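Architecture and fold: a report
Chain by chain, the residues:
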Amino acid sequence: MTDSSRRFEVIVIGLGVMGSAAAYHLAKQGKRVLALEQFELDHRWGSSYGESRIIRYAYTHPTYVEMADHSFHLWRELEAESGRRLMFTTGGLDFGMSDSASLTATARTLQDRGIPFEWLSPEQSAARFPQFRLEPGVAALYQPDAAYLHASACVITLSELAQIHGATLRTHTLVTGIEPLSEGVRVHTPDGPFDAARLVLTGGAWSGKRLGELGLELPLQPTREQIVFFHAPDRTLFTPDRCPVFIVHEQPWFYGLPDVDGKGVKMAIHCNRQPTDPDRTNHNPDPQYLERIKALAQRYVPAGVGPVSEARVCLYTMTPDEDFVIDHHPEYPQIVFGAGFSGHGFKFGVLIGRILADLALNGASAHDLSLFKVSRFRGL
Ligand SMILES: Cc1cc2nc3c(=O)[nH]c(=O)nc-3n(C[C@H](O)[C@H](O)[C@H](O)COP(=O)(O)OP(=O)(O)OC[C@H]3O[C@@H](n4cnc5c(N)ncnc54)[C@H](O)[C@@H]3O)c2cc1C
């Protein structure tokens, strides 16, 4: 039996955006929370590190539009509580062939949800956003509320506020095993075991391994992703007040964000489909990928092509349908988890943290989670 200093109401594994948000919401509700992270806070080996992540309403599925609405509010509340600026409105430009299925479906969903947007022709787009080149036959959907979140600042702020509300955060503490108990769970670390009534597992790309050890094999595929930052010849074109976040609805999606913190304009391909083992990922960017990004940038954002300021590797955890998995462990309901964020989870982090806290404490959430159930993989 562990002594009381090692017993908690809830243990959270992982301090990326999902775990730090869960710890924050749990501690804010006065719970005795322990959060364990294998590396330092805000490390660059997982999925939540860096200057920027897109937050947008422009989705095809209404569930994500609703979640985006809640998330915009919750990030603003977090800014108010912390006194820090975390979210920066830039507007969002989604463009592609005018008959692109994803673009037209996005417009339909925004219309149905009453979210304002406008269509721009290549000429109208060139007049307002000279950074981009839209070929004939291409249409652009502009949504004014889209923004970027300062990713690292969000994770640090959530973690610090969790501590202010009483949570215990232990970094450099690897969880080596999870043992379901009749009343709760025991988590094993090199520094000894910790017990809790509930466990929130938000292990990012490592989640599949931990869930597998608990007899739950899910189609969670970690992939190695790369991003490139360019110093544009005219950097004033890419400041957040002039350059929208953008997504080119090609296969695969090519996307980018304005110059944040002087790092340069960020560009990348969404989902490189390069499977990786998160414990053995090569974090050195590939020169060939760099050339591929340069070619796409030359085609769609010619004003952004300049010297490379940095190229970086980061991890996604893909599900086959690119929808998240947010649920209880089917056999051990005291264990809840959030995984498989498929390269688009950050924007919802502050909300998903609250959903996971509610699932752990009350067994349910006010939000419709039917899209994120484990049961959808049964028979896979
Ligand atoms: C290049 C790139 C661009 C992206 N762009 C966007 C975007 O524009 N908009 C958007 O919404 N989303 C975006 N995403 C996706 C988003 O960043 C992720 O969905 C999100 O960060 C996932 O957070 P997480 O907390 O699940 O994972 P992570 O941040 O990886 O956190 C998991 C944590 O668990 C820890 N951990 C794992 N196992 C253990 C263990 N056994 N013991 C202790 N600690 C453990 C890890 O060290 C890690 O810190 C992007 C992702 C990438 C890679």
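**Describing the domain arrangement of the chain**
Annotation of the chain at the domain level lists domain 1 (4-47 + 152-218 + 322-378) and domain 2 (92-144 + 221-318). The gap between the C-alpha centroids of domain 1 and domain 2 is 30 Å. Each partner contributes to the roughly 1,200 Å² buried at the junction of domain 1 and domain 2, and carbon and sulfur atoms together form 48% of this total. For the interface between domain 1 and domain 2, the tally reads four salt bridges. With a shortest N-O distance of 3.6 Å, glutamate 310 and arginine 44 are connected by a salt bridge.

**Quick notes on helix α7 (residues 287-300)**
The end-to-end C-alpha separation of α7 is 20 Å, in line with the 20 Å expected for 14 residues at 1.5 Å each. If you check which residues of α7 are buried, you get Tyr289, Leu290, Ile293, Ala297 and Tyr300. Taken down its axis, α7 places every buried residue within 105 degrees of arc, on the same side. Within α7, the exposed residues directed more than 90 degrees away from the buried face are Pro287 and Gln288. Residues of α7 that are buried sit in contact with β5 (92-97), β13 (221-230), β14 (245-248), β15 (254-257), β16 (265-269) and β17 (308-318).

What counts and what doesn't
Residues numbered from 1 in each chain as written. Predicted model: local features only at pLDDT ≥ 70, side-chain atom pairs only at ≥ 80, totals over all residues. Heavy atoms only, no water. Domains from an automatic or database assignment. Buried area = accessible area lost by both parts, 1.4 Å probe. Salt bridge = Lys/Arg side-chain N within 4 Å of Asp/Glu carboxyl O. Helix = DSSP H or I, 4+ residues; strand = E, 2+ residues; numbered from the N terminus. Expected span 1.5 Å × (residues − 1). Buried < 20%, exposed > 50% of the residue type's maximum accessible area, 1.4 Å probe, protein only. Arc of directions from axis to C-beta. Contact = heavy atoms within 4.5 Å.

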